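Read off the chains here:
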Amino acid sequence: MRTPLIAGNWKMNGLSADAMALADAVVERAAGLDGIETVMCPPFVHLPMVGDRLKEGVRLGAQNCADAEQGARTGEIAADMLADLGVSYVILGHSERRQFYGEDDAAIAARYAQALKARLRPILCVGETLEERDAGRTQAVVAEQINGVVDRLESAAGLGGGVIAYEPVWAIGTGRTATAEQAQGVHAFIREILAERQPALADEMRLLYGGSMKPANAADLLAQPDVDGGLIGGASLDAEDFVAICAAAA
Ligand code: 3PY
């Protein structure tokens, strides 16, 4: 049985007062939701103050971590610094990191390994662009991104500490969402890739859908057998919408 997981990716939004107000509102509304894991991933600078406001059942996540343990990495944040703040999850390989900061599979794998070392649970994002989908390359791209990380870890079992988020790039920040059938198709394929590595991993690993998930489409997406939760962008900045999605998963 895979516990549903809903993680809010706040991206680069909000000043400290906004972060505190949003965290308070989510914690208050999410009280009493059972059977799911809820995670808030604010920008790095807001982690301590959001962390201070969380109550049982709501966890703290970060939006990236460094590819090295410590030292000469100006501007980066080490995984164990995040763990030290009470962070449980870390988003890695988001398409915005791949697109705007040139993070490739090797860089993402190095970050993944650091996250595992610090006992953080990585949320590995994969997904195709519209051109790749139109060219019939969705499965090839997703397989390449997953294998590009797993092949660089010590063993496939290492992947097991984490979660995979399928986020079609064409559905990020565009208001477009994959249909429930499109999402299920790719999630089932991801489970096949994992099963080739390790059958138990395929059964246990949670697969999230990300890309304009909102209250209006959440129930449909979450009803799919291989969709175990969501990585929520814009809707995670509105406590009512975010908790409505959490309720749809519970
Ligand atoms: C989105 O839904 O826009 C996201 O990028 C979630 O990570």
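Remember, predicted model here, so these are calculated numbers, not experimental data.

Q: Explain unusual backbone geometry here, please?
A: Residues other than glycine predominantly adopt negative phi, and peptide bonds predominantly adopt the trans conformation. Unlike most non-glycine residues, lysine 11 shows phi in positive territory, near 55°. With respect to the helices, strands and loops of the structure, lysine 11 is situated in the loop between strand S1 (5-9) and helix H1 (16-30). With phi around 60°, arginine 119 is a residue other than glycine that occupies positive phi space. One can find arginine 119 in the loop between helix H5 (105-117) and strand S5 (121-126).

Q: What should I look at first to understand the sheet that holds strand S7 (residues 207-210) in this one?
A: The pairing of strands in a sheet happens through backbone hydrogen bonds and is either parallel or antiparallel. Spatially, eight strands are ordered S1-S2-S3-S4-S5-S6-S7-S8 in a closed barrel, and the strand pairing comes out parallel. Within the sheet, the average angular offset between the axes of one strand and its neighbour, ignoring direction, is 25°. Contacting S1, strand S2 (37-41) and strand S8 (229-232), helix H11 (residues 239-249) crosses the sheet at an angle of about 165° to S1.

Q: Sorry, what's going on with the pairing of strand S6 (residues 163-166) here?
A: Note on strand geometry: in a regular strand, side chains alternate between the two faces of the sheet. Residues of S6 alternate between two faces, with Val163 and Ala165 on one and Ile164 and Tyr166 on the opposite face, all of them buried. Judged from the four bridges that link them, S5 and S6 form a sheet pairing that is parallel. Paired with valine 126 across the strands is tyrosine 166, a residue of S6. Where S6 and S7 come together, three bridges link them in parallel fashion. Within S7, the position partnered with isoleucine 164 by the bridge is leucine 207.

Parameters at a glance
Residues numbered from 1 in each chain as written. Predicted model: local features only at pLDDT ≥ 70, side-chain atom pairs only at ≥ 80, totals over all residues. Heavy atoms only, no water. Helix = DSSP H or I, 4+ residues; strand = E, 2+ residues; numbered from the N terminus. Pairing = 2+ DSSP bridges. Axes fitted to C-alpha atoms, helices over the stretch in contact; angles between N-to-C directions. Contact = heavy atoms within 4.5 Å. Buried < 20%, exposed > 50% of the residue type's maximum accessible area, 1.4 Å probe, protein only.

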